[in-house]
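Breakdown of the fold
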Amino acid sequence: MPKIPLYAEGRGSAVDLATGRLGPQAPTGAFEAPGQATVRAAEALGRAGTEYAKNAMQFENARQKLEFDFQMQRKNEQTKTLSNQYTTRAYEQSDTYTLNSQEPDQDKAVSGLISSVQAPILTEIDTLDITDSQKTAIKDSVLKQMNFKVADAKKSAFRISNIQGAEAKSGKLSTIQSQISSASTYEEYAALASEAMAIFDDAALSGQNLGVTKNAFKQESLRLFYGNGIANADSFASLERQRTNVSGDNTLSSATRKTLIASIDSRDTQLESEKQDEIIGTLLTANLSKEETESALAQLTSEGSQMIYIKRDDPEDDVLIEYDGAGNKFLARVASRFEQDVKSLAAQNNNDLVNQIFPTIAGMDRDELNQLIDEADTLTGRFEGADRSIAALLTGDANRRLDTMDAELSAEIKADMSAIEIRTISLGGIFDETTQTMIASVDGRISQLTDNEVQRTLFNETMDGMRQAGVLYSSIKYGGPSDLTAVRRSIRDEINDPTNTPEDIRIAEARRKHFEALVDARQTAIANDPVKFIQDDRADQNLEAATTSQLIDFQRKMGIPDVDIRVASDAQIDAFQGQFKDPSLSYNDKSKLGISFITSFGVENEGRVMRNLMNQGVLTLAETWIIANPNNAGGFDIEAANKPGVVKELKSAIGTSAYNEIMQEVMVQNAEYSGSIVGGAADSIVSRGATGSRMLHVTAMNTMIQNTAAYYMNAGETDLTKAVERAVNTVVNSQFAFDEVNGKSFRMLKGLEGSSSQIGDILQFYVDDDQTRGVIAGFADIPPAAELTPDQAREKYQGDLAQAYWVTSSDHKTVYLVDQTGNMVKRRVDPGPTAILPQDAFVTIKMSDLLPVIKEMDELYPRPVDKLNEIMRKAFK
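Residues numbered from 1 in each chain as written. Predicted model: local features only at pLDDT ≥ 70, side-chain atom pairs only at ≥ 80, totals over all residues. Heavy atoms only, no water.

Examining the overall build of the protein chain
Definition in use: Each helix is a run of H or I in the DSSP string that is no shorter than four residues. Each strand is a run of E no shorter than two, and both are numbered from the N terminus. Contact criterion: two residues are considered in contact whenever any of their non-hydrogen atoms come within 4.5 Å of each other. Note on areas: these come from Shrake-Rupley sampling with a 1.4 Å probe, and a residue is covered only by the protein chains present in the view.
Summing up its helical and strand segments, the protein chain has 33 helices and seven strands in all. Once local pairs closer than 6 in sequence are excluded, the contacts in the protein chain between residues at least 24 apart make up 63%. Of the roughly 49200 Å² of accessible surface on the protein chain, 53% is carried by carbon and sulfur atoms.

Structure, rendered in structure tokens:
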């Protein structure tokens, strides 16, 4: 242990030791009186001990103070740390409580905050192993923090109270508006409206937002109130009162008034229809006499008439029809309609009487016929209320039946002849075994007649004419208009031939009658289902079913326009439609089903089948898009936007004006596609049909884009131009690429977009290149030009072709050439045999045929212009 310095042992630094001063010159007195010296030494030692004790005490106090300060500092740090922890916890838990609290009462909100946050924290502080002073300090910090959070809880409760108050008021307003919509008097409406306005005022004082303005609420309430009155107006007078009230109500906005006036006009039209049906229905079912009918007509046409009243013997049978407020023009129309209906009803009653009695005359015996004649003469019994002319007509039938009772067999023969005619026509002019049996039966009946020569001659001539008509019909069954005209001309010439006998002429007349009946039946069958007509006929002849190409050839020969030729029967289409409309099918399923059906008739007939399906309403334009693009996500938007119900809702939501603006923008942005559709005036298998048909397609496509754009706007797109752009991209640009020739666009399927520019260059070359135009002019069917020789016309046409352009076919795979007049360039068919089919009669190019040309041009290096032109010319056929 280090030695403690003397001064640290309680001795001062000035300890005076006698021996310390000893030296050679020390006085001898220093060694004298040792006792004194000892005493002095003891005194000095006592002083030193006292000083030491004093110093030791001071040192201990300093050490204890240092220890105390250190402990206090630790205690303070601990208190601060705990204060921070508990105040932070109080802050966070208070925020969580306030954010999650839906308590609108401030006191309850504060009470909840204290019980759920403050009280648990203070209780927990009390359990801490610290001093009471520390607990007090920490609680004070927490309570100070909670003072602010209590204020936040009160603010939150006030805000929630405001929101709930606003919601309650909004709910009350909805209830009031519902009550207004069924209010029957203006006073009732005014009371409810006043209550609503008070709610608005109270909300304004409370700083509550009800989500609707006073005026908007008032206008809607007025619209509902008047709308209810208009809808429930059951007379013209009450409806006119509604019109007066609406017109004179200055509190209505012009838009609301306009809407209500339109509703009144609509209800007026509806009321006229209802009232007309009521008036006429009541009068027609009242079993009016002739005099009562005239009275009803007179009352209807009287100036200022407000009702029809017909008094009868029994008051319960009186006829009273009120139409207060009806105009004279309306009543005049009703009177005219009633007069016509009375006549029609009388005619129908007469027809019913004839239809009821006439079929029974043939089965009556003499007594029954005489009773019928008596009733007809006196207009009693079955003839009560009937016209005398009808009674006379049936009396004549009865008399003739009596006079010809013995000739009943002739009537049976006539009926059998008619049955033979009907059966023969249904079999296409063929006399089968059943028909032959019927003919033999009639021949036997004729033999039973007493005077049978006239009947036999008539029967034989009719049968001869029918047989000959069947032979003629079989020769032109698949013929065209020219064949039909030739047969008719030959029959007419035979009838008019003066060298023929009367018998020959009568047979020719019968032949013409039955031939025309067969032709009419054929035309009806062809119009309904040409495929079924052909296949049924072949089945009747025990022939194999016609192939697709045979179906097309047969229909062409029959003169059916190429655009109307069908390859699928109604039964096939119905079966396909039943499968395709299955709501459980996905887009891929529908696409596979559609493509399978469309291609089942041959790839070359895809466009024809698709056109037939669309023309017959089996497929919509949107559904054809889905078939072609099953994996395109845009199909969901297109299908959703073009459902009839959705379109109606979109038009209502967006408004007519905005809908029209969308169409204007669609016409601008979709100009490329429209231009690729609209072409010449001629028609072929590669075209869209007549110009009207192509324009209808463009209109349909633009409408589909318009609906899709409206769908996007309804979903949140506010920019009309962007909505249309998105719709065009979805419907058109996702399928097609475009280029142009002479400023006129043509389209191609999306897969060709990488070569679109080169395809456009080649097609432009064909109309720019004078040599190619010369080839076209050489085989084209050039329209005659006044005052020009054929050579001059051809030279002019060749020059004009520089302005020609190309239009894409309906299957998007081919383009056809259209001259500067808008007509397709047609190949000339020279007299004599020709191998040109109708679909080859125009200048067309498959875009896929140009891909090898493009490849050959790309491989050419160097690329002299002459060589490039030679390659392109070589591809033109």
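Some remarks on helix α8 (residues 290-300)
Cut-off, in case you're wondering: Think of it in three bands: residues with accessible area under 20% of the maximum for their type are buried, residues over 50% are exposed, and the middle band is partly exposed, with areas taken using a 1.4 Å probe on protein chains only. The arc in question is the one traced by the directions running from the helix axis out to the C-beta atoms.
Every buried residue of α8 is accounted for by E292, T293, A296, L297, Q299 and L300. Buried residues along α8 cover an arc of 165° about the axis, so they all sit on one side. Opposite the packed face of α8, turned more than 90 degrees from it, sit the exposed residues K290 and E291.

Examining the sheet that holds strand β6 (residues 814-818)
Just so we agree on the cut-off: Any two strands with at least two DSSP-identified bridges between them are counted as paired. Note on method: axes are straight lines fitted to C-alpha atoms, helices fitted across the in-contact stretch only, with angles between N-to-C directions ranging 0 to 180 degrees.
The strand order across the open sheet formed by three strands is β5-β6-β7, and the pairing between neighbours is antiparallel. The open sheet has two edge strands, β5 (805-808) and β7 (844-846), and neither has a second partner. Across this sheet, the average inter-strand angle for adjacent strands is 30°, counted without regard to direction. Sheet analysis places β5 next to β6, joined by four bridges and oriented antiparallel. Within β6, the residue paired with T808 across the bridge is V815.

Section: the pairing of strand β1 (residues 307-310)
The alternating pattern of β1 places I308 and I310 on a buried face and M307 and Y309 on a face that is not buried. One ladder, built from four bridges, connects β1 with strand β2 (residues 319-322); its direction is antiparallel. Pairing of M307 across the sheet is with E322, part of β2.

Some thoughts on the packing of aromatic side chains
Just so we agree on the cut-off: Here the aromatic set is Phe, Tyr and Trp, taking the six-membered ring for Trp, and pairing holds for ring centres within 6.5 Å; pairs whose planes are under 30 degrees apart are stacked, those over 60 apart are edge-to-face, and all others are tilted.
Here the structure, examined in full by the defined rule, presents ten aromatic pairs. Here Y478 and F533 contribute two aromatic rings whose centre-to-centre distance is 6.3 Å and whose plane-to-plane angle is 70°, an arrangement assigned as edge-to-face. On the criterion of sequence distance, the pair formed by Y478 in the loop between α14 (453-476) and α15 (481-496) and F533 in helix α17 (residues 530-540) is long-range, its members being 55 residues apart. Taken as a pair, Y478 and F533 share a single burial class, namely buried. Look at Y478 and F554: their rings are 4.5 Å apart centre to centre, the planes differ by 25°, and that puts the pair in the stacked class.

Some details on helix α7 (residues 254-284)
Along an α-helix, a turn takes 3.6 residues, which lines up residues three or four apart on a common side. Short version of the rule: Here a helix's expected span is defined as the number of its residues, less one, multiplied by 1.5 Å.
With 31 residues, α7 ought to run about 45 Å at 1.5 Å a step, and its terminal C-alpha atoms sit 44 Å apart, in line with that. Every buried residue belonging to α7 is among T256, L260, I264, R267, L271, K275, Q276, I279, I280 and L283, and all of these are buried.

Digging into the nonpolar core
Counted only if it meets this: Definition used in this section: a nonpolar core is a set of buried Ala, Val, Leu, Ile, Met, Phe, Trp, Tyr and Cys residues joined via side-chain atoms within 4.5 Å.
Counting 45 residues, the largest nonpolar core has I279, L283, L300, I308 and Y323 as the members making the most contacts within it. For this core, the element with the most residues is helix α4 (residues 186-206), which contributes seven residues. Those residues in contact with Y323 that sit more than four places away from it in its chain are F236, K275, I279, Q299, L300, S305, Q306, M307, I308 and L331. Membership of the second largest hydrophobic core comes to 36 residues, among which are I552, I560, F597 and V618.

Some details on the pattern of salt bridges
Test applied: By definition, a salt bridge exists where a carboxyl oxygen of Asp or Glu is found within 4 Å of a side-chain nitrogen of Lys or Arg.
Within the structure shown, the criterion is met by 24 salt bridges. One salt bridge in this structure joins E509 and R512, with 2.9 Å as the shortest N-O distance. You can see E509 and its partner R512 sitting in helix α16 (residues 502-528), three residues apart, about one turn around the helix. The shortest N-O distance in the salt bridge between K532 and D536 comes to 2.7 Å. Placement of the pair is K532 and D536 together in helix α17, with a separation of four residues, close to one helical turn. In this structure D536 comes out as partly exposed when scored by relative accessible area, which is 35%. Within this structure, D529, R566 and D570 form a network of salt bridges that share partners.

Focus: the confidence of the model for the protein chain
Going by this rule: Confidence per residue, as judged by the predictor, is encoded in pLDDT with a range of 0 to 100.
Looking at the protein chain, pLDDT values average 79 and 88% of them are 70 or higher. Predicted confidence is poor over residues 1-35, with pLDDT under 50, and the contacts of this stretch with residues over four places away or in other chains come to 13 contacts. Throughout residues 680-690 the model reports pLDDT below 50, and contacts reaching past four residues in sequence, or to other chains, amount to 44 contacts.

Focus: unusual backbone geometry
Peptide bonds are, in most cases, trans, and in most cases residues other than glycine have a negative phi. The backbone of L379 sits at a positive phi, close to 50°, despite the residue not being glycine. Summarising the element assignment, L379 is placed in the loop between α10 (366-378) and α11 (388-403). For L379, a relative accessible area of 22% corresponds to the partly exposed category. You will see that N742, though not glycine, has its phi angle at about 55°, which is positive. Here N742 lies in the loop between β3 (736-741) and β4 (744-749).

As for the side chain of N228
The topology assignment puts N228 in helix α5 (residues 214-231). The contacts of N228, once residues within four sequence positions are left out, are S181, S182 and A183.

Here's the deal with a negative patch on the surface
Put simply, the test is: Put simply, a patch holds well-exposed residues, over 30% relative accessible area, that have no salt bridge, with like charges counted together within 9 Å and Val, Leu, Ile, Met, Phe, Trp or Tyr side chains within 5 Å. Under the counting rule used here, the positive set is Lys and Arg, the negative set is Asp and Glu, and His together with the chain ends is not counted. In this description, the location of a charge corresponds to atom NZ of lysine, CZ of arginine, CG of aspartate or CD of glutamate.
Negative charge collects at one region of the surface, where D313, D314, E316 and D317 lie side by side. Its relative accessible area of 36% is what places D314 among the partly exposed residues.

Concerning the side chain of D739
Inspection of the secondary structure assignment puts D739 in strand β3. Put simply, D739 is tucked away with no salt bridge, and the nearest opposite charge, on K750, sits 13 Å away. In contact with D739, other than residues within four places in its own chain, are K744, S745, F746, M748, S756, S757 and G760.

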